[in-house]
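# Descriptive analysis of the structure
Now for the letters of each chain:
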Amino acid sequence: GENVEQHPSTLSVQEGDSAVIKCTYSDSASNYFPWYKQELGKGPQLIIDIRSNVGEKKDQRIAVTLNKTAKHFSLHITETQPEDSAVYFCAASYSTLTFGKGTMLLVSP
Amino acid sequence: GAGVSQTPSNKVTEKGKYVELRCDPISGHTALYWYRQSLGQGPEFLIYFQGTGAADDSGLPNDRFFAVRPEGSVSTLKIQRTERGDSAVYLCASSSYSGGPGDTQYFGPGTRLTVL
């Protein structure tokens, strides 16, 4: 089955800095790669996703890149704000979602 | 409602008891998913419904776990003879099935199950 590795497990940045979270996956058949943000006591919320027919997608301060040859994808957050502080999960899917273990992002004012 | 809802939000039970967890998907969503999330981990897939039928139940850990969706909307996850290791947050998600890769899944707030 699919295996998703996510790094780093924690990431501390200053407000205004950029944050990058990286994931690798094992199953070359995976073709859908969403990123979720989870705040304490809440369910995961989709923030951006990418499908295997594109290499990059951007939505305001958030961007995701995908390298299918190397089987890795990354989340980039620019101009971070304290409200970006949360746990971020990457996932990979062919039929069902397999999640990484999460990255706790802390943005200090 | 506008989003996926789950009840109860918290459930405390004793080892050996039976529990039921309910999920109300987004109206019109034909696909419904159950996940389990342990502390410090990502959600782990349990079962997926397309309409009333379980399309993939490969994630159910053993035969103590069972889920139904009799009318293709609300789903109930049932756990028999609960064990302390079943303690986790149980998440439900739904999507509007398109038949193609990557249907966006929308998650509910989860039910925190604690088995004493």
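This text follows the structure it describes.
Scope of this entry: the structure provided in the associated data block. All values reported here derive from a predicted model rather than from experimental measurement.

Reading guide: rules and limits
Residues numbered from 1 in each chain as written. Chains lettered and ligands numbered in written order. Predicted model: local features only at pLDDT ≥ 70, side-chain atom pairs only at ≥ 80, totals over all residues. Heavy atoms only, no water. Salt bridge = Lys/Arg side-chain N within 4 Å of Asp/Glu carboxyl O. Buried < 20%, exposed > 50% of the residue type's maximum accessible area, 1.4 Å probe, protein only. Helix = DSSP H or I, 4+ residues; strand = E, 2+ residues; numbered from the N terminus.

### What about the pattern of salt bridges?
Under the counting rule described, the total for this entry stands at eight salt bridges over all chains. The salt bridge partner of A:Glu39 is A:Lys37, with a shortest N-O separation of 3.8 Å. Judged by its relative accessible area of 31%, A:Glu39 falls in the partly exposed class. Overall, A:Lys37 belongs to the buried group, its relative accessible area being 15%. Put simply, B:Arg64 and B:Asp86 hold a salt bridge, and the shortest N to O gap is 2.8 Å. Pair noted here: B:Arg64 is in the loop between strand S6 (53-56) and strand S7 (65-68) and B:Asp86 is in the loop between strand S8 (75-79) and strand S9 (88-95), with a separation of 22 residues, a long-range link. The exposure classification of B:Arg64 matches that of B:Asp86, with both residues buried. Through salt bridges that share partners, A:Lys37, A:Glu39 and A:Lys42 make up one connected network.

Note that all results are geometric; they support no functional claim without further evidence.
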